[in-house]
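Fold and geometry: a report
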Protein chains: 2
Amino acid sequence: MATTGKQLFTTLDPDGTLTVAIEEVSVPEPTGNQVLVKMEAAPINPSDLAILVGAADLENASYSPGKFVATVPEPFNIGSKARHGLKLPAGNEGAGTVVAAGDGDAAKVLVGQRVACVPGNAYSQYCIADASACLPLGDHSAEDGASAFVNPMTALGFVENAKMDDQDAILHTVGASNLGQMLTRICKEDGIGLVNIVRKDSQAELLREIGSTHAVNSSNDDFMDQLRSAIADTGAFYGFDPIGGGKSVDTAFKAMEQVAVSRMSEYSRYGSNQQKRMFIYGRLDTGMTMLSPSYGFGWTLSGWLLFPFLQSAGRETVSRMRKRVLDTLTTTFASHYKTRVNLDEMLTKEAVTDYRAMKTGEKYLVTPWA
Amino acid sequence: MATTGKQLFTTLDPDGTLTVAIEEVSVPEPTGNQVLVKMEAAPINPSDLAILVGAADLENASYSPGKFVATVPEPFNIGSKARHGLKLPAGNEGAGTVVAAGDGDAAKVLVGQRVACVPGNAYSQYCIADASACLPLGDHSAEDGASAFVNPMTALGFVENAKMDDQDAILHTVGASNLGQMLTRICKEDGIGLVNIVRKDSQAELLREIGSTHAVNSSNDDFMDQLRSAIADTGAFYGFDPIGGGKSVDTAFKAMEQVAVSRMSEYSRYGSNQQKRMFIYGRLDTGMTMLSPSYGFGWTLSGWLLFPFLQSAGRETVSRMRKRVLDTLTTTFASHYKTRVNLDEMLTKEAVTDYRAMKTGEKYLVTPWA
């Protein structure tokens with residue numbers, strides 16, 4: 001094939017110089033159970049941003065068409081030592097049309113179909129993807145299917161993980177995010193209790209409209225009271241946090257323990273026997289996670305990532321999850337976008353600065369052929 | 001019974017006034033499977049200190065015979081809100097002679113025997129203990145048996161927990177403590193790899209003398225290199241930390257991840273797939289636990305407490321552990337004491353200030369009848 005297509009690459013040099021640029025690359029041929037997807041839409045998720053821009057100084061970067069060069073300050077640069085000098089693709093997921101396939105049957109049957117996929121280089125005009133990981137979208141548009149994987153499977157993964165751990169309620173520290181809205185709908189459908197933490201009354205209102213019974217606003221003076229009350233109502237001693245840095249997890253553990261202690265008849269120097277479990281699944285705040293010594297020793301905090309979870313969950317569970325996503329793609333799992341940009345437009349100062357801010361409800365969609 | 005005996009009580013008032021005092025109390029009668037133990041020796045463990053003195057301002061306290069009154073500064077006072085106004089006993093464990101028993105057979109058979117026990121009010125002349133939790137000491141002295149429970153069962157518990165989790169190596173962040181020395185001997189006996197972190201060359205030397213193969217000194221410039229090398233040698237991606245606050249756990253996770261990443265053939269933005277596990281089992285540092293975003297999402301951190309662990313381990317495992325402790329009480333599980341004090345002497349400014357400093361190798365023993 002002599003065909004070529006545009007692709008985004010991000011390179012961090014040892015001195016902290018970050019170069020993000022669109023290049024014209026030759027389109028590879030799919031083999032075996034691989035398919036070649038002409039990409040039509042790819043979202044910019046928080047999970048894409050670390051590799052794409054990280055902590056780069058965007059204000060003082062130099063921008064040219066299809067390219068920017070910025071400096072990544074310390075200690076973030078040295079913290080990314082493992083990628084120094086590597087020219088990396090970006091974009092976890094997207095949707096497009098299969099235009100070629102390897103000779104494997106699973107691949108050949110997809111030719112001509114629109115699919116959602118997880119190629120890892122979705123900010124490209126063409127991607128190679130594994131047929132087994134492609135989700136045929138039927139009559140859905142590429143925009144409908146662009147975010148069919150990361151957020152839907154993560155939100156569903158939380159509920160699956162909670163059920164595996166015999167929990168019937170979940171706490172989510174960023175309730176109004178795209179993922180948080182999906183989680184709200186899933187929990188409502190499945191009868192799982194959900195405590196949503198938000199930062200604005202408008203976000204609490206939005207969540208209530210889609211069925212959230214406990215959306216508590218961390219900006220209110222009585223936040224801790226409301227949080228304790230919501231935890232007591234639902235029994236949510238198990239939660240997920242995409243912030244990571246700061247005291248987000250600490251606040252959740254504190255409130256959980258205070259609810260548990262209020263139910264104890266006798267004082268114990270070791271705190272309650274209530275097991276408290278939190279998972280950090282993102283790093284919206286790249287600062288230190290701070291845990292205070294104020295909830296005893298009955299707690300566990302883990303990192304949580306989608307792919308290892310799916311591996312541990314097994315093929316049958318994953319198939320069931322994928323079917324559920326497809327069946328309700330434009331309702332339960334609907335994503336909304338603030339703006340559409342093509343590959344060149346996504347590297348302008350205005351665009352990069354805006355999507356790196358990760359404002360709730362302001363997701364970008366990359367349309368590589370527009 | 002009209003008999004009375006001395007007992008220590010610690011009371012924290014809502015305004016932060018901490019009163020620790022020896023009182024004469026009437027000795028209760030044991031019932032059922034309870035025994036009455038005339039206490040002969042009780043250690044002051046780090047786990048006793050939170051309730052005993054906490055963060056009280058010992059420098060400006062007022063001391064009188066058998067009593068001191070100090071102020072607990074904020075935020076520690078408000079953090080202890082749950083105990084405000086409660087007059088609490090102290091002293092987890094100790095050893096003494098059974099002088100009376102309830103009418104249960106398990107209790108009656110212990111009369112006249114010397115036992116180790118875990119009454120929770122060991123800083124007393126007489127204690128009530130459950131017969132099922134007493135360890136008959138045979139010909140051992142009370143001093144030999146005084147610390148037969150907390151440190152031995154905790155150190156053994158780490159190894160049991162590691163084996164349950166299919167680990168064959170452990171990292172311990174305070175290697176030279178009394179407990180750390182026991183852990184070193186147990187790991188040597190059981191063929192479990194052990195990475196000991198110490199703060200002085202003399203501590204590393206001490207540990208090497210009792211069989212530690214990897215004792216790394218955090219005060220050395222090449223500490224991180226040495227720590228990585230020790231983790232690589234042993235495969236210790238699983239560890240225990242009694243410090244809690246600061247970056248002790250963070251350092252362990254970092255070194256573990258760096259070892260795992262150095263073995264990867266390809267860069268991953270998500271870090272290694274190596275699961276990293278740490279447990280905080282104490283709070284020698286009551287500051288915030290700080291976790292940096294530099295080891296991906298493949299980690300889990302939990303609190304760890306002896307009693308919940310023993311409950312989950314089951315009766316058979318606990319019996320086996322107790323037998324092992326008794327069989328090697330003066331070798332593997334030997335404890336050493338810097339000083340012996342009676343109940344009045346333990347409340348002098350000099351004594352309280354000294355044992356609260358929790359210096360390695362400087363444990364106090366309380367001898368209530370001396």
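Here is a short report on the structure shown in this document. (Residues numbered from 1 in each chain as written. Chains lettered and ligands numbered in written order. Predicted model: local features only at pLDDT ≥ 70, side-chain atom pairs only at ≥ 80, totals over all residues. Heavy atoms only, no water.)

1. Notes on helix α10 (residues 306-313) of chain A
Residues and elements named next belong to chain A. Inclusion rule: Partly exposed residues are those whose accessible area sits between 20% and 50% of the maximum for their type, while under 20% is buried and over 50% is exposed, using a 1.4 Å probe and protein chains only. Helix and strand definitions here come from DSSP, where helices need a minimum of 4 consecutive H or I residues and strands a minimum of 2 consecutive E residues; each element is numbered from the N-terminal end. The arc in question is formed by the directions pointing from the helix axis toward the C-beta atoms. Any pair of residues with heavy atoms lying within 4.5 Å of one another is described as a contacting pair.
All of the buried residues along α10 are Leu306, Phe309, Leu310 and Ala313. One face of α10 carries all of its buried residues, which in axial projection span an arc of 100°. Exposed positions of α10 whose direction lies more than 90 degrees from the buried face are Gln311 and Ser312. Considering only its buried residues, α10 is in contact with α5 (150-164) and α11 (315-327). Count one or two residues on from α10 and you reach Gly314, which has phi positive near 95°.

2. Considerations on the sheet that holds strand β5 (residues 67-71) of chain B
Residue and element names in this part refer to chain B. Where we set the bar: The pairing criterion is simple: DSSP has to find at least two bridges between the two strands.
An order of β4-β5-β2-β1-β6 is seen for the five strands of this open sheet, with the pairing classed as antiparallel. The open sheet has two free edges, formed respectively by β4 (62-64) and β6 (87-88), since each of these has just one partner strand. Bridging between strand β1 (residues 4-12) and β6 involves two bridges; their strand directions are antiparallel. Across the sheet, residue Thr11 finds its bridge partner in β6, namely Lys87.

3. Topic: the relation of the copies chain B and chain A
This is how it is decided: The copies were overlaid by least squares, fitting only the C-alpha atoms of residues that reach a pLDDT of 70 or more in each copy.
Rotating chain B by 180° and moving it 0.0 Å along the rotation axis overlays it on chain A with an RMSD of 0.0 Å. Both chain copies can therefore be described as sitting about a two-fold axis. Taken as a fraction of all interface residues of chain B, those also at the interface in chain A reach 100%, which identifies the copy contact as same-surface.

4. A short note on the pairing of strand β11 (residues 169-172) of chain A
Residues and elements named next belong to chain A. Applicable threshold: When the strands point away from the viewer and the path from the first strand over the helix to the second turns clockwise, the crossover is right-handed.
What you see with β11 is no split at all: Ala169 and Leu171 on one side and Ile170 and His172 on the other are buried throughout. Both β11 and strand β12 (residues 193-198) contribute to a ladder of four bridges, which runs parallel. Residue pairing for β12: Ile170 is matched across the bridge by Leu194. In this fold, β11 hands off to helix α6 (residues 178-190), which returns the chain to β12; that crossover is right-handed. Of the strand pairs in this sheet, β11 and strand β14 (residues 238-241) are connected by two bridges, and their pairing is parallel. The partner of Leu171 across the bridge, within β14, is Gly239.

5. Some thoughts on helix α7 (residues 201-209) of chain B
Residues and elements named next belong to chain B. Those residues of α7 lying buried are Gln203, Ala204 and Leu207. Down the axis of α7, the sector holding all buried residues measures 100°, keeping them to one side. Turned more than 90 degrees off the buried face of α7, the exposed positions are Ser202 and Glu209. Buried positions along α7 lie against α6 (178-190), β12 (193-198) and β13 (214-217). At the exit of α7 stands Gly211, carrying a positive phi of roughly 110°.

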